[in-house]
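As a plain string of letters, each chain reads:
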Amino acid sequence: MKLDILVQSGDVNFKKIIENELSSVIKKMYIFSGSIKESGFEIIEENIIDKGIKLAIYMGIDKKNTTKSLLENILLYSSEVYVYNNNEMKEFEGTIFVFEKDKVATMYISSSKISENSLTEDVVMISKITYDLSSAEDKKEYKEKIKELTILKESGFEELKKSKVQELVDNKVIFSNKQYEHSVKSIAELLGKKEEVKEEKKSAKSDEDINASDFEIPVVNLKDEFMDLDIDVSGVEESITIEKEEKTKAGKKSKKEVKKEDEEETVETIYDDGNDYLNEDDEVLEDDDGFDISSNEVIDLDSMLISRGSVKLKEKKTEEKKEENKDEEKLDSSELVKVKKLDLNNVTNLIMQLPAKQQNKKDLDIIKVPNYIRDLIPAFFEFPDNSKTVEEGGVVTKERPLQIEIVDCKNEIKYVENDAKMFQRKSQTFISILCPSLEKIQYEEKDIVRIIKLSTNIYHIEIVTKDMQEYKIWSKIMNKDMKSTDRKYGIM
């Protein structure tokens, strides 16, 4: 047995370790991990597709990281899957990869989880143990360690079958959208009132269509004489009566008196309209002198001020303000006119950031397009509608022939491929565009590939590197994030 300590940084990372180990013939692979994310398993999946590797997985599951699609995808590659419920107080943690070959077995141990960052970028301590299976002593020790690890199935682990996945979703053991659905009562409902909702508006607008202008915001216009909230209003009624008598005797009224009378009449309207401004559940408040606010002897000052302020703002709205509002409405309408919905059936360009080339020099002549992008623009690929099914070595593949011209924009070299093709093997999460000349073009991670559809079976492809001016143009088109990676894509 040989022990090495590795630190994940730069050229040393779990992703490359997995690629290197799986590039040779593996008899059996074991994965023990407290947390497996979709982005992490995709890295593993890329290297085990169509290899028929015997795989055993012991994993922790929880509401945060484990999805139904992840478990269903894992079951496509392994019938020996055991899960541990990490939603409880006692959790299963750590990660171990075991690669068993004919003459050697290698075990990698770390405290990290299986995710894209954990397998590529995070600073992770890795213990590497190598067993020489040609040695009787090492072989015996290796078998004992595997037995100790696989006996975990008796320590709270449950065997996972396809029929059990939906049960885990229903019981909210793994991630489910349903567990986050909840209803919150509106203020009107909490006050015991029926909320008046216009059904037409509710159906016509989505959450994304809500604008600030949809809400009626009360505007209060407080004069200087009302800014002091410690006003003694006990004599308001008496002063109003005296003022009215004096005006009757005067005969003629000045502009100031007319204005004052208008304000007083507004007060009277609010005071004498006979409406009850208190809700049934509101508490009856009393001032320091013991006056009951709900009685007819004292004015509800807050209601009076807010009502008067709202009326005055409507009556005294200046023409200049109206013109500003009209200009804003025109601006909004002009912006809406400029918004054009993209017809996905007429897409002719797909622009993506490329992944880094694999170190094991595998698939260097292939451009991989995830299934969710293919499903977004099916008319662009016409796949699998125009494809045929081929079976080679027990592997079922759908493919269709293409003619491709691919351009190395940096070196201004064009290659023509008359025997290119688009294909997808069973259970793959992506479709592949085979273009042998791609291997001759030097590119780095996040360089751009621009795929242009010229006709049903003819495509034009350009490889644009980051140091080119053209890269800045196409990077603005890529406004969508690719799943489980920091790369982007765009369509036009």
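Being a predicted model, the structure only gives us computed values, none of them experimental.

Participant: Is there a simple way to think about the overall build of the protein in this case?
Facilitator: Of regular secondary structure, the protein possesses 15 helices and 18 strands. Scored against the burial criterion, the 492 residues of the protein give a buried share of 36%. Sequence-distant contacts in the protein: of pairs separated by 6 or more residues, those separated by 24 or more amount to 68%. For the protein, the accessible area works out to roughly 31900 Å², and carbon and sulfur atoms hold 49% of it.

Participant: What should I look at first to understand a nonpolar patch on the surface in this one?
Facilitator: On the surface, L3, I5, V7, V123 and M125 cluster together into a nonpolar patch covering about 510 Å² of accessible area. Considering each element in turn, the nonpolar patch owes the most residues, three residues, to strand β1 (residues 2-7). Within the secondary structure layout, V7 lies in strand β1.

Participant: Looking at this structure, how should I read the packing of aromatic side chains?
Facilitator: Aromatic ring pairs are defined here through the distance separating the ring centres and the angle between the ring planes. In total, this model carries 14 aromatic pairs according to the counting rule given. Ring geometry for F14 and F97: centres 5.3 Å apart, planes at 50 degrees, overall tilted. You can see F14 sitting in helix α1 (residues 14-22) and its partner F97 sitting in strand β5 (residues 95-100), a full 83 residues away along the chain. The exposure classification of F14 matches that of F97, with both residues buried. A ring pair is formed by Y131 and Y142, whose centres lie 5.5 Å apart and whose planes are at 55 degrees; its orientation type is tilted.

Participant: Looking at this structure, how should I read the pattern of salt bridges?
Facilitator: When charged atoms on two side chains of opposite charge get close, those side chains can pair. As enumerated under the stated definition, the model contains 16 salt bridges in all. Its salt-bridge partner being K28, residue E80 comes within 3.3 Å of it at the nearest N-O pair. In this pair, E80 is assigned in strand β4 (residues 80-85) and K28 in strand β2 (residues 28-33), connecting sequence segments 52 residues apart. D486 is paired through a salt bridge with K446; the nearest N and O atoms lie 3.0 Å apart.

Calculation criteria
- The residue count restarts for each chain, going from 1 along the sequence in the order it is written.
- Only residues with pLDDT of at least 70 get local features here, since the model is predicted, and only at 80 or more are side-chain atom pairs given and counted; chain-wide, interface and lining totals rely on the full set of residues.
- In computing side-chain values, all of the structure's heavy atoms are included and hydrogens and water are not.
- Only DSSP runs of H or I covering at least 4 residues are called helices, and only runs of E covering at least 2 are called strands; the numbering of each starts at the N terminus.
- Summary of the burial criterion: residues with accessible area below 20% of their type's maximum are buried, those above 50% are exposed, and those between are partly exposed, where the area comes from a 1.4 Å probe applied to protein chains only.
- Whether two residues touch is decided by their heavy atoms; if any such pair falls within 4.5 Å, the residues are in contact.
- Reported accessibility uses the Shrake-Rupley method at a 1.4 Å probe radius. Residues are deemed covered only where the shown protein chains occlude them.
- Patch membership requires more than 30% relative accessible area and the absence of a salt bridge. Residues of like charge join within 9 Å; the nonpolar side chains Val, Leu, Ile, Met, Phe, Trp and Tyr join within 5 Å.
- Salt-bridge detection follows one rule: a side-chain nitrogen of Lys or Arg within 4 Å of a carboxyl oxygen of Asp or Glu.
- For this analysis, a ring pair means two rings from Phe, Tyr or Trp (six-membered ring only for Trp) whose centres lie within 6.5 Å, classed as stacked if their planes differ by under 30 degrees, edge-to-face if by over 60, and tilted for the remaining angles.

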